[in-house]
Amino acid sequence: MIRTFGFPEILFVLEGAKWTILMSLAAFVVGGLLGLLVALARTSGIRPLRIFAAGYIQIFQGTPLLIQLFLVYFGLPLLGVKVELWLAVIAGLSLHASGFLGEIWRGSIQAVPDGQSEAGRALGLGYASRMRDIVLPQAFRISLPATVGFMVNLTKGTALAALLGLTELTRSGQLMSNITFEPLKVYATVGLVYFAICLPLTLCSAQLERRLNAQG
Amino acid sequence: MTTQNNTTIRMSAVNKWFGKMHVLRDIDLTVNKGEHLVLCGPSGSGKSTLIRCINALEEIQGGTIEVNGNQLGKKGANADHIRRDVGMVFQQFNLFPHLTVLQNCMLAPRRIHRISEAEARDKAMHFLEQVHIAEHGHKYPAQLSGGQQQRVAIARALCMGPQVMLFDEPTSALDPEMVKEVLDTMIGLADQGITMICVTHEMGFARAVAHRVIFMDRGEIIETAPPTEFFGTPRHDRTRAFLSQILNH
Amino acid sequence: MYDFDFAPVFQAWRLLAAGAWATVYISAISMALGLVFGIVLTAMRMAPVAALRSIAIGYIELIRNTPFLVQVFFIYFGMPELGLRLNAMEAAILTMTLNCSAYIAEIVRSGVESIRKGQIEAGRALGMSTPDVYRFIVFRPAIRAVYPSLCSQFILMMLNTSLVASISAQELTYAAQMIDNQTFRSFEVYFVLGAIYLILSQLFSLGLGLIGRTYFSYPTK
């Protein structure tokens, strides 16, 4: 029996969207924490740390997200870690996010004038305090538009989980397309749901950018 | 055409607003062939706006402007046609950074007059020699000093064979030691009898080449007089106040 | 302890090489087409006609706020319903071009906006038409201003080609999946695959940089 793409099917797709949002948030939080470490390493005074962080960023920016997810998915069991698919996907997305956020935040930290950190040094503040109290708050403000912009990319990136078989938004669409034979309607709907999630973030990022430029 | 043969520019009752700001008020101005005009006045008086209206870089809201007998239409209709007769030199030079000096001079003649590359090159070299910068023809603008760039800008405008040259504060962005080379170039042009309108505060230049000096304030033409009269016996209080400000420094 | 065995992967190097070539090929075509279409979009985006602007903005935001994978599925599986039947390769190139053009349009627009007004006025004052002013005066400095962003976008798009394996377009990732199916050496296959993409992205970066240095090399202060 062929089903039509009606209300229950749309609900099924929306159910998948829940996963999309959860994965995005989890990857953003975990990736953000890791990314901060990457950014600090990339801007630190210790050369090996800087080089390591540069290589780390290069690897995540120079390979496809899909391959990163595959490697984590197939690699974790080799390390003796047995995890569920969704955990592997979130781990992969988090690593991916840490590379990109690390690079965005490196740029923001370096955009804070040197004089700020020097002034802190002159006051006798240590590295931790200089970063926490002086540099990072300013860098945070500078990085906001790009950070929010990256959240859009991360949300779109969760779609790749479908290719590993996780039933998030895109995979729900694939399933519905297979049983209704109405791919046009299904994928248009799926696209619109992504659009509804991402557009507010995009607009927010643009607004933040304007505000930042206005402040000079 | 309605104009006499020796009239190059005729502005009548020209009015312009920037939003609510009335920046040009009932401007009447006739410029004859071969005439050299110097426009001066405090900043914000509308002098730059006035010459930018002549080649339709600014739109006017009232009155008419005629160049060489061609009337500038509403909303800048006819503008391209008129611009070909009007050369303009800007305060910031505005040379094209990605083109060499020679290419800067050849671009418009090639695109608009559709002349051959060889012909455009000959013409460009001719005017570059005239402004004494031909030896830098292969360089890019960023490799030249401000004075040199401005001279290239003058040559670039001349390559279109304009009937009139407009200068919008051509020396204001220059380091002091480069002002003279540009003014000398302009004096050379004046000696050739080219029609020119020049917005400048270089009063020495005005004395040397202007047939008439025009003083503007708050969008109006306050006073027009030959330089000896203008500097010797200014009639209007505002002119006197302005002159005392710029000449006493 | 797992024993790594890369030999079966390297034995299939012909497949990988052919896949890598296909990836370079579809990336290059999509980049070129995307650039052209992106410039058209930029022109629409900045046109004096409100309707054109709205269409361009709508298109750009729709593309930028939906996943590339969904776009691929929409074109490949959805379009036949509208009578447009494409093979996997055609669908891949079409989707990549459509996708890439929206990002390029945004980048090029910011390049055009970075050009000082005086440049345009100088062209106008010489009597040049608006199309000529943009073509001969604005274009090169505008692209130069955003060339690094443009290159990152191109590389991002090259990496995105890995997703068209999902509709069986035969590029690099597709080749790797075939090797995976034959050898069951998943980790080794995708490790090598990642390395190949990393090399490709460095090569693209080098190549695009070279193009940039020849076409956009004029001195600035």
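Summarised in this report is the structure supplied together with it. (Residues numbered from 1 in each chain as written. Chains lettered and ligands numbered in written order. Predicted model: local features only at pLDDT ≥ 70, side-chain atom pairs only at ≥ 80, totals over all residues. Heavy atoms only, no water.)

What about the overall build of chain C?
Consideration 1: When its secondary structure is counted, chain C shows 9 helices and 0 strands.
Consideration 2: When its helices and strands are written in sequence order, chain C yields α-α-α-α-α-α-α-α-α.
Consideration 3: For the C-alpha atoms alone, the extent of chain C along its principal axes is close to 75 × 50 × 25 Å.
Consideration 4: Within the span of chain C, comprising 221 residues, buried residues form 53% of the whole.
Consideration 5: A fraction of 75% describes how many contacts in chain C between residues 6 or more apart in sequence connect residues 24 or more apart.
Consideration 6: Carbon and sulfur atoms make up 67% of the accessible area of chain C, which amounts to about 10,000 Å² in all.
Consideration 7: In chain C, the 15 positive side-chain charges and the 12 negative ones have mean positions that sit 17 Å from each other. (Helix = DSSP H or I, 4+ residues; strand = E, 2+ residues; numbered from the N terminus. Buried < 20%, exposed > 50% of the residue type's maximum accessible area, 1.4 Å probe, protein only. Contact = heavy atoms within 4.5 Å. Areas by Shrake-Rupley, 256 points an atom, 1.4 Å probe, with all protein chains shown as cover. Lys, Arg positive; Asp, Glu negative; His and termini not counted. Charge placed at Lys NZ, Arg CZ, Asp CG, Glu CD.)

Things to note about the packing of aromatic side chains
Consideration 1: For the coordinates displayed, the defined rule picks out 23 aromatic pairs over all chains.
Consideration 2: Where F74 of chain A meets Y190 of chain C, the ring centres are 5.5 Å apart and the plane angle is 5°; that geometry is what we call stacked. Remark: Y190 of chain C occurs in helix α9 (residues 186–215) and F74 of chain A occurs in helix α3 (residues 65–78); the pair is interchain, linking two chains.
Consideration 3: In this structure F74 of chain A comes out as partly exposed when scored by relative accessible area, which is 23%.
Consideration 4: Residues F6 of chain C and F10 of chain C carry aromatic rings whose centres are separated by 6.3 Å and whose planes lie at 35° to one another, so their mutual orientation is tilted.
Consideration 5: Cluster of aromatic residues (ring-pair linked, three or more members): F4, F6, F10, F187 and F191 of chain C.
Consideration 6: Positioned above the aromatic ring of F96 of chain B, the side-chain terminus of R156 of chain B is 4.4 Å from the ring centre.
Consideration 7: Positioned over the ring face of F231 of chain B is R207 of chain B, at 4.5 Å from the centre of the ring. (Phe/Tyr/Trp six-rings, centres within 6.5 Å; stacked < 30°, edge-to-face > 60°. Lys NZ or Arg CZ within 6 Å of the ring centre and 35° of its normal.)

A closer look at the interface of chain C and chain B
Consideration 1: Every contact between the two is made by 22 residues of chain C and, on the other side, 26 residues of chain B.
Consideration 2: Across the chain C/chain B interface, buried area totals approximately 2,100 Å², and carbon plus sulfur atoms make up 61% of it.
Consideration 3: Three residues, A125, L126 and P219 of chain C, lead the burial of chain C against chain B; their summed loss comes to 27% of the area buried on that side.
Consideration 4: The interface formed by chain C and chain B includes 2 salt bridges.
Consideration 5: Among the salt bridges present, the one from R111 of chain B reaches D132 of chain C, with a minimum N-O distance of 2.9 Å.
Consideration 6: At the level of elements, α6 (117–125) and α7 (130–160) of chain C are the ones that each hand at least two residues to the side of chain C that touches chain B.
Consideration 7: Counting residues per element, the side of chain C that touches chain B draws most heavily on α6 of chain C, at 7 residues. (Buried area = accessible area lost by both parts, 1.4 Å probe. Salt bridge = Lys/Arg side-chain N within 4 Å of Asp/Glu carboxyl O.)

Quick word on the side chain of T239 of chain B
All names here are of chain B.
Consideration 1: Counting through the fold element by element, T239 comes out in helix α9 (residues 237–247).
Consideration 2: Accessibility expressed as a relative area gives 0% for T239, which makes it buried.
Consideration 3: Not counting chain neighbours up to four residues away, the residues in contact with T239 comprise F215, I222, E223, F230 and P234.

A closer look at the nonpolar core
Consideration 1: By size, the foremost hydrophobic cluster in this structure holds 137 residues, and its most contacted members are M11, L50, I51, I54 and I197 of chain B.
Consideration 2: Broken down by element, this core gets its largest block of residues, 14 residues, from α7 of chain C.
Consideration 3: The residues touching I54 of chain B, leaving out its near neighbours within four places in the chain, are I9, M11, I65, V67, L72, I82, L166 and I197 of chain B. (Core = buried A, V, L, I, M, F, W, Y, C linked by side-chain atoms within 4.5 Å.)

Let's talk about the arrangement of the chains
Consideration 1: Ranked by contact count, the leading pair among the 2 pairs of chains in contact consists of chains A and C.
Consideration 2: Separating chain A from chain B is a minimum C-alpha gap of 23 Å, and the two share no contact.

Re the interface of chain C and chain A
Often, the extent of an interface is quoted as the loss of accessible area on bringing the components together.
Consideration 1: Taken together, the contact pairs 34 residues of chain C with 34 residues of chain A.
Consideration 2: Both faces considered, chain C and chain A share a buried interface measuring about 3,000 Å² in area, 79% of it formed by carbon and sulfur atoms.
Consideration 3: For the pair chain C and chain A, the interface holds 0 salt bridges.
Consideration 4: Seen at the junction of chain C and chain A, the total is 5 residue pairs in polar contact (both at pLDDT 80 or more). (Polar contact = N/O pair within 3.5 Å; in protein donor to acceptor, adjacent residues only side chain to side chain.)

Considering the pairing of strand β1 (residues 7–18) of chain B
Residue and element names in this part refer to chain B.
Consideration 1: Across 8 bridges, the pairing between β1 and strand β2 (residues 21–32) is antiparallel. Bridging across to β2, F18 finds its partner in M21.
Consideration 2: As consecutive antiparallel partners, β1 and β2 are separated by 2 residues, and within that stretch G19 has a phi angle of approximately 60°, a positive value.
Consideration 3: Note that β1 and strand β4 (residues 62–67) share 5 bridges and pair antiparallel. Note on β4: the bridge partner recorded for N15 is G62. (Pairing = 2+ DSSP bridges.)

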